[in-house]
Amino acid sequence: MIWSVKNWHKNHILEQEKIPDALWSKLIHMRCLKGLNQEELTRLREYATLFLHGKQIYGAHALEITPVMRVTIAIQACILILNLSLEYYENWIEVIVYPGDFLLDYEFTDHFGIVHHVRNAAVGEAWLSGPVILSWQEVENGEHTGHNVVIHELAHKIDMLHEGANGCPPLHTNMSARTWHRVFSTAYENFCRQVEQLQDTVIDPYAAENPAEFFAVLSEAFFESPLEIETHFPAVYEQLALFYRQDTAARWR
Ligand SMILES: [Zn+2]
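Okay, so let's go over this structure.

Conventions we followed
- Residues numbered from 1 in each chain as written.
- Predicted model: local features only at pLDDT ≥ 70, side-chain atom pairs only at ≥ 80, totals over all residues.
- Heavy atoms only, no water.
- Core = buried A, V, L, I, M, F, W, Y, C linked by side-chain atoms within 4.5 Å.
- Buried < 20%, exposed > 50% of the residue type's maximum accessible area, 1.4 Å probe, protein only.
- Domains from an automatic or database assignment.
- Contact = heavy atoms within 4.5 Å.
- Donors = N, O, S within 2.8 Å, 3.2 Å for Na, K, Ca; no water.
- Helix = DSSP H or I, 4+ residues; strand = E, 2+ residues; numbered from the N terminus.
- Pairing = 2+ DSSP bridges.
- Salt bridge = Lys/Arg side-chain N within 4 Å of Asp/Glu carboxyl O.

1. Remarks on the nonpolar core
Membership of the largest hydrophobic core comes to 73 residues, with the highest contact counts inside it found for Tyr 89, Ile 203, Phe 214 and Tyr 244. Domain assignment of the residues forming this core places at least three in each of domain 1 (1-145) and domain 2 (162-253). With residues near it in sequence (within four places) discarded, Phe 214 still touches Phe 184, Ala 187, Tyr 188, Phe 191, Ile 203, Ala 207 and Phe 233.

2. What to know about the coordination of the zinc ion
Here the zinc ion is held by His 152 (NE2), His 156 (NE2), Glu 213 (OE) and Glu 213 (OE), and the distances to it run 2.0 to 2.7 Å. Sequence spacing among the residues donating to the zinc ion works out to H-x3-H-x56-E. On the criterion of helical spacing, the pair formed by His 152 and His 156 is a turn pair, its members being four residues apart in helix H6 (residues 149-159). The two residues His 152 and His 156 agree in class, both being buried.

3. Quick word on the pairing of strand E6 (residues 132-135)
Because side chains alternate across E6, one face comprises the buried residues Val 132 and Leu 134, and the other comprises Ile 133 and Ser 135, equally buried. Pairing geometry for strand E2 (residues 94-98) and E6, over four bridges, is parallel. Counted as the bridge partner of Ile 96 is Ile 133 from E6. Here strand E5 (residues 124-126) runs beside E6; their pairing, made up of three bridges, is antiparallel. Bridging across to E6, Ala 126 finds its partner in Val 132. Counting the residues between successive antiparallel strands, the hairpin from E5 to E6 contains five residues, one of them, Ser 129, with a positive phi of roughly 60 degrees.

4. What about helix H10 (residues 234-244)?
All buried positions along H10 are accounted for by Val 236, Tyr 237, Gln 239, Leu 240, Ala 241, Phe 243 and Tyr 244. Packing partners of the buried residues in H10 comprise H6, helix H7 (177-196), helix H8 (211-224), helix H9 (226-232) and helix H11 (248-252). Arg 245 sits one or two residues past H10 and shows a positive phi near 55 degrees.

5. Overview of the pattern of salt bridges
Throughout the structure, instances matching the rule amount to four salt bridges. In this structure, Arg 45 engages Asp 21 in a salt bridge whose closest nitrogen and oxygen atoms are separated by 2.6 Å. Here Asp 21 lies in helix H2 (residues 21-27) and Arg 45 lies in helix H3 (residues 38-54), a separation of 24 residues in the sequence. By relative accessible area, which is 54% here, Asp 21 ends up exposed.

6. Observations concerning unusual backbone geometry
In this structure, Leu 198 takes a positive phi of about 55 degrees despite not being glycine. Along the chain, Leu 198 falls in the loop between H7 and H8. A relative accessible area of 76% places Leu 198 in the exposed class.

Here it is, written out as structure tokens:
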């Protein structure tokens with residue numbers, strides 16, 4: 001009974017709040033959707049519609065949120081969970097969009113008991129059980145830079161579902177936590193060494209910050225430049241493909 005009511009409700013939303021054709025066809029050419037087949041695109045459109053129904057997207061600093069902005073964010077958020085489920089995004093509802101960089105202003109106490117006051121310019125932020133915060137300028141720039149701040153922040157959200165942001169999302173039963181940790185730790189250590197030695201890196205050196213950032217930056221690249229990840233981080237690529245249940249590199253070939 002509950003299932004059928006839920007299903008009826010879902011179908012009602014999909015009908016009533018369907019993303020308009022013109023808007024949809026304008027937005028499906030983004031990099032991270034490259035190579036998706038018709039069935040996948042249809043499912044993505046449904047997920048994006050349900051995502052928009054369930055989330056509240058606000059503009060900060062008087063930014064007006066247009067339908068293009070809403071649908072762009074929803075599509076990029078849903079590409080991550082295309083073969084998982086919307087349940088991965090269930091424990092939060094707000095997306096706050098700033099026109100450009102925004103200032104993070106917070107305090108934390110270190111293990112010596114000293115309180116630090118941090119003020120940083122940021123382009124994205126994800127809070128545990130709280131909002132996702134994005135810079136619209138960064139979302140727009142992404143099409144040229146290969147960065148994807150939406151994918152990055154939503155990867156943090158997924159990572160946080162298992163023991164907080166530590167670079168290990170809730171793995172599926174056909175995956176091994178041991179393999180995941182071995183593969184990611186080895187890749188992370190090598191990567192940090194490269195960054196320390198100021199070598200050119202395939203992904204943003206910011207990924208050396210901590211294992212959570214490493215996972216988020218690699219998730220971005222898994223969707224935005226999968227062939228490079230497959231070539232330079234083959235073991236990591238394999239784990240990401242198992243987790244997201246997508247073979248993005250195959251779509252690009
Ligand atoms: Zn991050």
